[in-house]
Structure formats: C-alpha cells, structure tokens
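What the coordinates show
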Amino acid sequence: MNVNVQFREDDNILRGYIEGEIDTYTAPVLREELEAVQIVEGRLIELDLSKVNYMDSTGLGIFVAFYKKVTRENASLKLVSLSNRLIRLFEITGLSELMSIETDEELELK
C-alpha cells in the first residue's frame, strides 16, 4: 500500500489530506511531503487522517517531528477525522495530550 498526501490552502488554513497506510515502508514519502510544507507564523495546518487505514509507531514519529517543526515556527497543527483506532494510538502514547486532535463527533457538534 502507498501513502498519498495532498494540500489545499484555504485563507490562513493549510489543509492536508493523507490517504493510505503509514508504516516503515511508506513513512519516507509522508516525511518528505511534510518537510516540504512552508510554515507561516500564525497559520493553522490541519491534517485530515480520515483515509488513513493503518499507522504504526513510525507514523507517530513523523507526526511528532512535524508538530515540533510547526510549533517552532509559531504556527498550529490540528489532526482531524481520525478513526477510533488512530485516536486510541495517540491516546495510548500520550500524544493526544500534546497535539490538537479533533474527532468526528466534535466536528459533528460544530
């Protein structure tokens, strides 16, 4: 399986759509895509993970590195539309306390 990443700018929000599996084999592609993102101070970067059907610890590491890069540049990162399985992965590792994660239920309430 591959991983596919597409970005779209919407005012001061950069939306990224990630699709596929994130593991040891596909992680370099995701890492390259995220490293190429131009981070502007004050910008919100929103990554939609609704079409990520599998992620291992390699993927978590990539998101942690990207989170650090974004916060260093005084921007914000939000992960949205995670499956219950991915939410659980972020909760177990404690990363849900560090990163802004918006569940489908929270989106529906808006």
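Below or above, wherever it landed, is the structure these notes cover. These numbers come from a predicted model, not from an experiment. (Residues numbered from 1 in each chain as written. Predicted model: local features only at pLDDT ≥ 70, side-chain atom pairs only at ≥ 80, totals over all residues. Heavy atoms only, no water.)

1. Topic: the sheet that holds strand β1 (residues 3-10)
In plain terms, the rule: At least two DSSP bridges between two strands are needed for those strands to be called paired. The helix count covers DSSP runs of H or I at least four residues long, the strand count covers runs of E at least two residues long, and both are numbered beginning at the N terminus. To obtain an axis, a line is fitted to C-alpha atoms, over the contacting stretch when the element is a helix, and the angle between two such axes runs from 0 to 180 degrees between their N-to-C directions.
Taking strand neighbours across the sheet as the criterion, the five strands line up as β1-β2-β3-β4-β5 in an open arrangement whose pairing is mixed. The sheet is open, and its two edges are formed by β1 and β5 (100-102), each paired on a single side. Across the sheet, the axes of successive neighbouring strands diverge by a mean angle of 20°, strand direction being ignored. Pairing geometry for strand β3 (residues 44-55) and strand β4 (residues 76-80), over five bridges, is parallel.

2. Considering the packing of aromatic side chains
The geometry of an aromatic ring pair is captured by the separation of the ring centres together with the interplanar angle, meaning the angle of the planes. As a reminder of what qualifies: Centres within 6.5 Å make a pair out of two Phe, Tyr or Trp rings, where for Trp the six-membered ring is used; the pair is then stacked when the planes are under 30 degrees apart, edge-to-face when over 60, and tilted otherwise. Exposure is judged per residue with a 1.4 Å probe applied to protein chains only, and the accessible area is read against the type maximum: over 50% gives exposed, under 20% gives buried, and values in between give partly exposed.
By the definition in use, this model includes one aromatic pair. Measuring from ring centre to ring centre gives 6.4 Å for Phe63 and Phe90, while their planes differ by 55°; the resulting arrangement is tilted. One end of the pair, Phe63, is in helix α2 (residues 57-72); the other, Phe90, is in helix α3 (residues 84-92), with 27 residues separating them in the sequence. Phe90 shares its class with Phe63; the two are buried.

3. Overview of the pairing of β1
Both β1 and strand β2 (residues 13-22) contribute to a ladder of eight bridges, which runs antiparallel. The partner of Val3 across the bridge, within β2, is Gly20. In textbook terms, the turn of a hairpin is the stretch between consecutive antiparallel strands, and for β1 and β2 this stretch comprises two residues, one of which, Asp11, has a positive phi near 60°.

4. Digging into the nonpolar core
Under the convention used in this document: Side-chain atoms within 4.5 Å link the members of a nonpolar core, which is a set of buried Ala, Val, Leu, Ile, Met, Phe, Trp, Tyr and Cys residues. Contacts are residue-level and defined by heavy atoms, with any inter-residue pair within 4.5 Å sufficient.
Judged by nonpolar contacts, the single largest core of 32 residues is most densely connected at Ile18, Phe63, Leu79 and Phe90. When contributions to this core are tallied by element, the ones reaching two or more residues are β1, β2, α1 (27-35), β3, α2, β4 and α3. It is α2 that contributes the most residues to this core, seven residues altogether. Those residues within four positions of Phe63 in sequence are excluded, and the remaining contacts are Ile18, Ile22, Leu30, Leu34, Leu47, Leu49, Met55, Leu79, Phe90 and Met99.

5. Overview of unusual backbone geometry
Residues other than glycine seldom take positive phi values, yet Asp11 does so here, at roughly 60°. Mapped onto the elements, Asp11 comes out in the loop between β1 and β2. According to the relative accessible area criterion, Asp11 is exposed, its value standing at 75%. Even without glycine at this site, Asn74 takes up a positive phi of about 60°. Within the secondary structure layout, Asn74 lies in the loop between α2 and β4.

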